[in-house]
Each structure stands twice: as C-alpha cells, then as structure tokens.
Amino acid sequence: MSGLIPTELHRYSIRDVVRGLVAAPKLVDARATISLPELGEGISIRSARAAVIVALKALGLPPGSRIGVPLYCCPVVFKAVKAAGCVPRFLDIDPETFCLSPEDLRAKRSGIDAVIAVHMFGNLCDMPKILDIMDGKPVIEDCAQSIGSKLDGRACGSFGDISFFSFRSGKYLSVGEGGALYSGKADLRARISELTDALPAPSRAEELKHVVTTYIRSKLRSRPWWGLVGTRIWAVYNKKTEFADKSPIVVGRMFASDLATVRKRMPCLDSMISSQRAHADYYERNLRSGLGLLCLEGPRAYYNRFMYPIVFPSTAERDKMAAYLRGRGVGTSRPYEEAIEGAAKHYGYEGDCLRAERALRRALIIPSFCTLKPKDIEVITRCVNEGHISPD
Ligand SMILES: Cc1ncc(COP(=O)(O)O)c(C=O)c1O
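Scope of this entry: the structure provided in the associated data block. (Residues numbered from 1 in each chain as written. Predicted model: local features only at pLDDT ≥ 70, side-chain atom pairs only at ≥ 80, totals over all residues. Heavy atoms only, no water.)

**Some words on the sheet that holds strand β9 (residues 150-151)**
Threshold: A pair of strands is treated as paired once DSSP finds two or more bridges between them. Numbering goes from the N terminus for both helices and strands, where a helix is a DSSP run of H or I of at least four residues and a strand is a run of E of at least two.
The strand order β10-β9-β14 describes an open sheet built from three strands, whose pairing is antiparallel. With one partner strand each, in any of the chains shown, β10 (154-155) and β14 (301-302) form the two edges of the open sheet. In the sheet, β9 pairs with β10 via two bridges, with the strands oriented antiparallel. Bridge assignment links L151 to a residue of β10, and that residue is R154.

Below, the structure is given as structure tokens:
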C-alpha cells in the first residue's frame, strides 16, 4: 500500500517550512490582505470556520438567528454557525451540483434570516436565483472549495454580501491553515476589518509548532506515508474522536507562515486549476458510462474541479468500488457522510433533506488533484472501469 494515491493534496515542502520559519516571527497585521482571483483584496483570517463567525457578526444577525445551510456540507460550518450564537436550518441540494437547491430555499425562506450558499467540490450554487429568492436577506458565499470557479463569467465570491475562502491543507492552495473574507460592500468590509482587528494573533511558539505539525501532517497525507501509516492514524483518530469534538474552531488571525505561503502560491492557482480541469475532462471522456452519476459542468459554469465525485446507484455499490480501488492503490473518500447523524444529534436536523442524504450515502471522491501525473489519472480511470465490471 506504499503507493496508495490519496484523494487530497497536502503540499508542504521543506521550502515551505523555511519560508514559514522566516515569516513566523512577524505577527500578522489584522488587516493583512490576500489578493483573490477577480475579486481584489480579501481580509486574512485564521480559517474559513472562523470566517463564518465573523461574517455572521459583521451582518449584525442577533443571537438565535436562523441560518440556512445545505446538509451536504463540511459539518464544521454547522459548528461555526452555532458558535456564532445562531441556529442552522438545513436545506436540501440539487443532486447535479451538490449545491443548495433554490427550490428548497424558496420553500423554507420564511423560516430563515440568512443563508450560507456553499459551493461544493468547486461547483457553484445558482447565485442569481438564490439572490432573487432571498430578496434582500443576507447571503454569505462559502468559497472554501471553489476558489477560481465562475458562473456566467462572474467569479465565485462576488455575488453575496460576504464571501469567504479556505487555504487549509487539502484545499486548493493547501498551506496549513488560513482563510480570507471578502465583501464588495464598503460598510460590511469596514465591519469585518473592525472585527478582525480585535482578534488575537498566534504567538511565535504557536507559529513554530504550526509549521512543524503542518509539515509532518502533510507528509503523512502524501505518498508513500499515506498508504503506509497515514490512513491508519486517520482511521484511529476518526474512531476515537466524537463528532462534536472534531474540527476545533480558533477565532484568531492567520498564521504569518501560512500568509507567506498563500501569497507565494496564489499566482500558481490558474495553472493548478487547468490541471485539475484536464483531469476532470479525462475522467468524463474515459470513465465507463453507466457507472453512476458524474458531476458535469453546466453551460454557464467554469468550475475549478476541486474534487471529482461519482454518485453510485447504491451505498453498497459505492462501498464495493471504494474497497476495490483501495486494493489497487487508489484512495477514495466519502466526504461528510457523518453530517447526517451529526446534524440530527447536535444541530436539530429534522430529516427533510432527502436528496442531500441520498448523495451523502452514495458519493465517492476519486483522486484528481493537480500534481497527479497523466499516468496516475490513466491508472485511476482503468481501475474504476475495471471495478465497475468486476463481479466481486
Ligand atoms: C465547504 C467548506 N466550508 C468551510 C470549511 C472550513 O474551512 P477551514 O478548514 O478553513 O475552517 C471547509 C473545510 O474545512 C469546507 O469544505
């Protein structure tokens, strides 16, 4: 299993360590900005989860406000909504995009005070429709997975009142931690700056620890260590850690080391997206039809293809494929399946997002990140096609 291909890119080289160590002694200025594709300057923050809290506060939503959020989502968003003193209200998805369903939003609109439109897997929500349905109620865009994606030629993050991005390892820029908040509205931007000004900066000791742990974690999440020990450590962590204790939230400023690496990597974003788009294109042309539902790019869209999900006809078929691929050195993931139970137990989910549940139970992510070689993509394609016809 030493060659097991991971599904996420965790990229942190010795050069990144050195850059991080050089940057670490400088405390991050709360107003440090990050240039975001086609948007301009975003305000840096510790993480996207911290950005959710700041965004809800900046919008002046009182405690107890009901925030619409898709069930098909990284559950740390539910946690952040609650940490901001608000209440998540769950919305169903459009199975073709994995993003929130405008129809369900319309049906539930009167019961929510604001919405977080999560652009899942690099796909985009139908923002013009969502803005129309919300009719002036606040709209936040979660661009954690969708940096560089566009709809109708317009960049994600430019539609809502506030948007936020993530640079955590495993995401596109994969720098350790880090996020950015953006608003095109001067009053909201000023309020975000006020709130981020008041946040604590990491100490120098925390910076150093962060650089070292990011390096070790990234190694464990990459070849060959992912197959040798990483998957086992990850499985033990997941088994031993309660849903509610996973993904802690620190509301603070960004690490100086992460900021230096984001600024270094951002100019490479377009070429990373081109590679991932080429991988998605290859899969679309070469994966056997009848396998399951592939995630296609609509005519109005330009997706960054952050992740490549396949939705299988049943959970059993999905799990059989995952086991088959694992046996052939291809890692897969089944993201956020725990969101269904976790949302019901901790955040009041009432079982009314059946399309999201169905997709959560049947979707499988195959590796498609930008540093995979054409040979890797061919091997993955062949294995998926063979797994589809294999009787066992
Ligand atoms: C859709 C989505 N939103 C928000 C987050 C939170 O981002 P971060 O890890 O930077 O807090 C993540 C990932 O963790 C995510 O996938």
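**Some words on the sheet that holds strand β15 (residues 308-311)**
Within the open sheet, the three strands sit side by side as β13-β15-β16. Their pairing is antiparallel. Because the sheet does not close on itself, it has two edges, and the strands there are β13 (293-294) and β16 (363-366).

**A short note on the site of the ligand**
For clarity, the threshold we go by: Throughout this document, a residue counts as near a molecule or strand when at least one of its heavy atoms sits within 4 Å of that molecule or strand. For the purposes of these results, a polar contact is taken to be a pair of N or O atoms within 3.5 Å, where, inside protein, one atom must be able to donate a hydrogen and its partner to accept one; residues adjacent in sequence count only when each atom of the pair is a side-chain atom. Using the Shrake-Rupley algorithm and a 1.4 Å probe, accessible areas are obtained, with residue cover drawn only from the displayed protein chains. Residue polarity is assigned by list, with Asp, Glu, Lys and Arg as charged and Ala, Val, Leu, Ile, Met, Phe, Trp, Tyr, Cys and Pro as nonpolar; anything else, Gly included, falls into the polar class.
The full set close to the ligand counts 14 residues, and R49, D142, S166, R168 and K171 are the nearest of them. Note that an oxygen atom of the ligand is positioned 2.7 Å from one of the side-chain N or O atoms of R49. The side chain of D142 places a nitrogen or oxygen atom 2.6 Å from a nitrogen atom of the ligand. If the ligand stood free it would expose 390 Å²; the protein chains cover 98% of that surface. For the shell around the ligand, the residue count by class is seven nonpolar, three polar and four charged.

**Observations concerning the pattern of salt bridges**
Using the following cut-off: Salt bridges are defined as contacts in which a side-chain nitrogen from Lys or Arg sits within 4 Å of a carboxyl oxygen from Asp or Glu.
The tally for this structure, following the rule as stated, stands at 24 salt bridges. When the shortest N-O distance is used, the salt bridge between R265 and D16 registers 2.6 Å. A residue pair is termed long-range when its members are at least 10 positions apart, and R265 in helix α9 (residues 256-265) and D16 in helix α1 (residues 14-23) qualify at 249 residues. Between R223 and D376 there is a salt bridge whose closest N-O contact spans 3.2 Å. Here R223, found in the loop between α7 (204-220) and α8 (225-240), pairs with D376, found in helix α14 (residues 374-389); they are 153 residues apart in sequence, far enough to count as distant. A single network of salt bridges, built from pairs that share partners, joins R318, D319, R334 and E337.

**Some thoughts on helix α5 (residues 127-134)**
Counted only if it meets this: Only protein chains enter the accessibility calculation, which uses a 1.4 Å probe; a residue is then buried when its area is under 20% of its type maximum, exposed when over 50%, and partly exposed in between. It is the directions from the helix axis to the C-beta atoms that the arc portrays. It only takes one pair of heavy atoms within 4.5 Å for two residues to be counted as in contact.
M127, I130, I133 and M134 are the residues of α5 that are buried. The arc that holds every buried residue of α5, seen down its axis, measures 125°, which confines them to one face. Where α5 is buried, its residues contact β6 (99-100), α4 (102-108), β7 (114-118), β8 (139-142) and β9. One or two steps after α5, the chain reaches D135, where phi turns positive at roughly 45°.

**Things to note about the packing of aromatic side chains**
Both the distance between ring centres and the angle between the ring planes are used here to describe each pair of aromatic rings. Operational definition: Classification of ring pairs rests on two measures: the distance between centres of Phe, Tyr or Trp rings, Trp counted by its six-membered ring, which must be within 6.5 Å, and the angle between planes, read as stacked under 30 degrees, edge-to-face over 60 and tilted in between.
This model, assessed by the stated rule, comprises ten aromatic pairs. Ring centres 5.3 Å apart and planes at 75° place the aromatic pair Y72 and F98 in the edge-to-face group. Here Y72 is found in the loop between β3 (66-70) and α3 (76-83), whereas its partner F98 is found in the loop between β5 (93-94) and β6, with 26 residues between them in sequence. Summarising the burial analysis for this pair, Y72 and F98 share the class buried. Geometrically, the ring pair formed by Y172 and F306 is tilted, given 6.0 Å between the ring centres and 40° between the ring planes.

**Comments concerning the pairing of β15**
The side chains of a regular strand alternate between both faces of the sheet. Going residue by residue along β15, you find Y308 and I310 tucked away on one face and P309 and V311 tucked away on the opposite face as well. Here two bridges tie β13 to β15, and the two strands are oriented antiparallel to one another. Paired with L293 across the strands is V311, a residue of β15. In this structure, β15 lies alongside β16, joined through four bridges in antiparallel fashion. What sits directly across from Y308, in β16, is I366.

**Description of helix α11 (residues 315-327)**
Filter applied, for reference: By this rule, a helix spans an expected 1.5 Å times one less than how many residues it contains.
Spanning 13 residues, α11 covers 18 Å between terminal C-alpha atoms, matching the ideal 18 Å at 1.5 Å per step. Taken together, the buried positions of α11 are occupied by R318, M321, A322, Y324 and L325. All buried residues of α11 fall inside an arc of 165° around its axis, so they share one side. Turned more than 90 degrees off the buried face of α11, the exposed positions are A316, A323 and G327. Packed against the buried residues of α11 are α13 (354-362), β16 and α14. One or two steps after α11, the chain reaches G329, where phi turns positive at roughly 85°.

**Let's talk about a nonpolar patch on the surface**
For clarity, the threshold we go by: Patch membership needs two things, relative accessible area over 30% and no salt bridge, and members are linked within 9 Å if like-charged or within 5 Å if nonpolar (Val, Leu, Ile, Met, Phe, Trp, Tyr).
A cluster of nonpolar side chains, contributed by W225, L228, V229 and I233, occupies part of the molecular surface with about 340 Å² of accessible area. With respect to the element layout, W225 can be found in helix α8. When its relative accessible area of 43% is taken as the criterion, W225 is described as partly exposed.

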